[in-house]
Amino acid sequence: MDSTNVRTTRVCHVVAMPFPGRGHINPMMNLCKLLASRKKDILITFVVTEEWLGYIGSDPKPHNILFETIPNVIPPERLKTANFPGFYNAVMTKMEAPFEQLLDRLELPVTAIIGDIEVRWSTGVGTRRNIPVALFWTMSASVFSMFHHFDLHIKQSHAKIDLIEQVESIAGMSSSNVEELRTIFHRDDPRVLELALDCISTVPQAQYLLFTSANEFEPQVFDSLRAIYNFPVYPIGPAIPYLELGEGSCETKSYLQWLDSQQTGSVLYISLGSFLSVSNTQMDEIVGGLQISGVRYLWVARGEASRLKDRCGDMGLVVPWCDQLKVLCHPSVGGFWTHCGWNSILEAVFAGVPMLTFPLFLDQDTNSRQIVEDWGNGWRVNDAVKAEKLVTKENIAELVRRFMGAESDEGKQIRRKAKLLQNICVVAISEGGSSAANLDAFISSISPGKDH
């Protein structure tokens with residue numbers, strides 16, 4: 001069916017507005033694909049900047065998801081890391097007007113808006129136009145809850161965010177959460193935390209709250225959030241591309257061929273994210289530690305790939321990009337060294353792969369603790385990283401050898417926990433599971449004819 005027919009025959013019309021970043025656009029697109037798979041007569045208009053359409057415009061997607069663009073009114077991707085608070089602020093202040101102009105141009109009336117919480121202004125647009133808004137959170141529910149209670153504390157005490165330096169406890173937050181907020185405040189630009197809290201404060205104006213997590217991953221947190229908000233809270237995750245696992249081109253990627261030639265569970269997969277990375281000095285120690293360890297590894301190093309290729313020898317394969325979920329689901333992969341971005345964690349859980357945690361930014365310390373302490377399917381690389389101390393190649397080599405040694409009692413334990421979580425995940429997304437039921441409930445609620 002061509003797009004013209006889609007436009008004229010669809011009735012339920014959802015407009016999706018992701019935050020312009022890989023870690024936000026991917027889960028938003030995965031959510032939209034899940035919605036499209038469960039309701040064939042839905043039309044989803046997926047809004048991106050012109051720059052982002054250039055990156056993802058040719059990616060395969062269902063016929064009832066259509067791209068629309070707004071102008072490049074924010075700094076380009078290549079300048080994002082140089083001034084992330086400035087980029088964050090531009091998203092919140094520059095994109096709203098062109099988004100509203102786009103809504104005015106759409107032929108079909110809009111049934112609902114799904115807006116990334118970190119865009120901030122989607123609830124205001126929905127209120128003005130009487131369109132229900134589902135806010136979408138791409139981090140863990142635990143991190144959302146932590147930010148919510150900190151924002152509440154600041155408002156009630158009429159304080160500024162630097163009060164995190166003085167307080168010992170905050171209502172609704174564990175002592176670990178308070179310490180993690182302190183880490184964020186010291187390591188990351190405080191303006192980023194301030195802007196994130198500003199976004200969280202808009203949530204009560206929404207009609208729905210969607211999470212990329214699954215209810216069973218964070219049950220107590222979801223229970224508390226449902227008690228806080230007087231509208232539906234729907235964990236629909238994991239919002240990862242599992243629907244596409246069986247698909248692919250006839251051409252087999254070279255890294256998958258390399259994995260095919262390795263022993264089962266013998267390869268450590270390494271990815272430190274697409275946004276922020278580690279210092280060159282720390283990178284050199286990681287390379288040295290991997291070489292000493294004797295463990296085979298596949299490393300996605302993006303901008304660092306060409307520099308690292310020459311140094312990694314024949315034990316490792318370094319690539320600038322890979323299909324991460326397919327790699328994690330490959331039988332040769334026995335572990336994942338991760339920066340603890342939430343999307344990556346969800347993919348590892350789906351694949352049943354244990355993790356080495358190496359948090360770098362914002363929510364990642366909380367995610368690391370969730371893996372190590374709550375779920376038990378991973379280990380920290382080194383607690384000293386939080387104090388910005390170097391992790392030496394000797395420590396890395398010893399840890400990697402232990403982590404990949406599946407026959408030890410501790411190795412068996414984390415793998416057992418990883419498989420348990422994988423099973424929980426599979427049940428959640430299967431028919432009758434919690435995430436599948438939440439997707440259906442959300443679709444039913446926004447479909448025309450329902451009261452909002």
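The name an unreviewed UniProt entry assigns to the protein is Glycosyltransferase, from the organism Gossypium barbadense. Its UniProt record, at the heading Sequence similarities (unreviewed entry), says of the protein: "Belongs to the UDP-glycosyltransferase family."

Notes on the overall build of the protein
Looking only at helices and strands, the protein has 19 helices and 13 strands in total. Taking the principal axes of the C-alpha coordinates as reference, the protein spans close to 60 × 60 × 40 Å. The contacts of the protein with a sequence gap of at least 6 include a subset with a gap of at least 24, amounting to 67%. Carbon and sulfur atoms make up 49% of the accessible area of the protein, which amounts to about 18700 Å² in all. Here the protein carries 41 positive and 51 negative side-chain charges, and the mean point of each set is 2 Å from the other.

Considerations on the confidence of the model for the protein
Averaged over all residues, the pLDDT of the protein is 90; the fraction at 70 or higher stands at 92%. In the predicted structure, residues 1-10 sits below a pLDDT of 50 and forms 20 contacts with residues beyond four places in sequence or in another chain.

Some remarks on the packing of aromatic side chains
On inspection of all chains with the given rule, the structure shows 24 aromatic pairs. Pairing Phe144 with Phe211 gives two aromatic rings, centres 5.4 Å apart and planes at 90°, and the pair type is edge-to-face. Separated by 67 residues along the polypeptide, Phe144 in helix α7 (residues 141-157) and Phe211 in strand β6 (residues 208-211) bring together distant segments of the chain. Here Phe144 falls in the buried class, since its relative accessible area comes to 0%. On the basis of an interplanar angle of 25° and a centroid distance of 5.2 Å, the ring pair of Tyr229 and Phe231 is categorised as stacked. For Phe231, a relative accessible area of 10% corresponds to the buried category. Of the aromatic side chains, those joined through ring pairs into one cluster are Trp137, Phe144, Phe147, Phe211, Phe222, Tyr229 and Phe231.

Brief notes about the domain arrangement of the protein
For the protein, the domain assignment lists domain 1 (10-240 + 428-444) and domain 2 (250-425). The centre of domain 1, based on its C-alpha atoms, is set 27 Å off from the matching centre of domain 2. Every contact between the two is made by 31 residues of domain 1 and, on the other side, 26 residues of domain 2. For the pair domain 1 and domain 2, the summed buried surface comes to about 2500 Å²; carbon and sulfur atoms form 65% of the total. Ranking the residues of domain 1 by area buried against domain 2 places Arg187, Phe217 and Ile240 at the top, with a combined share of 28%. Counting across the interface, domain 1 meets domain 2 through two salt bridges. Note that Asp365 and Arg187 form a salt bridge whose closest N and O atoms lie 2.8 Å from each other. At the junction of domain 1 with domain 2, the criterion picks out 11 residue pairs in polar contact (both at pLDDT 80 or more). Of all the elements in the fold, those that place two or more residues in the side of domain 1 that touches domain 2 are α2 (22-38), α7, α8 (175-187) and α18 (409-429). Tallying contributions element by element places α8 first for the side of domain 1 that touches domain 2, with six residues. A per-class count over the side of domain 1 that touches domain 2 returns 14 nonpolar, 10 polar and seven charged.

Here we look at the sheet that holds strand β1 (residues 12-17)
Pairing is parallel across the open sheet formed by seven strands, whose spatial order is β3-β2-β1-β4-β5-β6-β7. Of all the strands in the sheet, the pair left with one neighbour each is β3 (65-70) and β7 (233-235). Here the strands of the sheet are splayed against their neighbours by 25° on average, with no regard to which way each runs. Sheet topology note: the strand β2 (residues 42-49)/β3 ladder contains six bridges and is parallel. Directly across from Ile44, in β3, lies its bridge partner Ile65. Of the strands in this sheet, β6 and β7 are in contact with helix α10 (residues 219-228), which crosses β7 at around 155°.

About the criteria used
- Residues numbered from 1 in each chain as written.
- Predicted model: local features only at pLDDT ≥ 70, side-chain atom pairs only at ≥ 80, totals over all residues.
- Heavy atoms only, no water.
- UniProt positions renumbered as here; feature names shortened; annotations may be inferred.
- Helix = DSSP H or I, 4+ residues; strand = E, 2+ residues; numbered from the N terminus.
- Contact = heavy atoms within 4.5 Å.
- Areas by Shrake-Rupley, 256 points an atom, 1.4 Å probe, with all protein chains shown as cover.
- Lys, Arg positive; Asp, Glu negative; His and termini not counted.
- Charge placed at Lys NZ, Arg CZ, Asp CG, Glu CD.
- pLDDT = per-residue confidence, 0-100.
- Phe/Tyr/Trp six-rings, centres within 6.5 Å; stacked < 30°, edge-to-face > 60°.
- Buried < 20%, exposed > 50% of the residue type's maximum accessible area, 1.4 Å probe, protein only.
- Domains from an automatic or database assignment.
- Buried area = accessible area lost by both parts, 1.4 Å probe.
- Salt bridge = Lys/Arg side-chain N within 4 Å of Asp/Glu carboxyl O.
- Polar contact = N/O pair within 3.5 Å; in protein donor to acceptor, adjacent residues only side chain to side chain.
- Nonpolar A, V, L, I, M, F, W, Y, C, P; charged D, E, K, R; others polar.
- Pairing = 2+ DSSP bridges.
- Axes fitted to C-alpha atoms, helices over the stretch in contact; angles between N-to-C directions.

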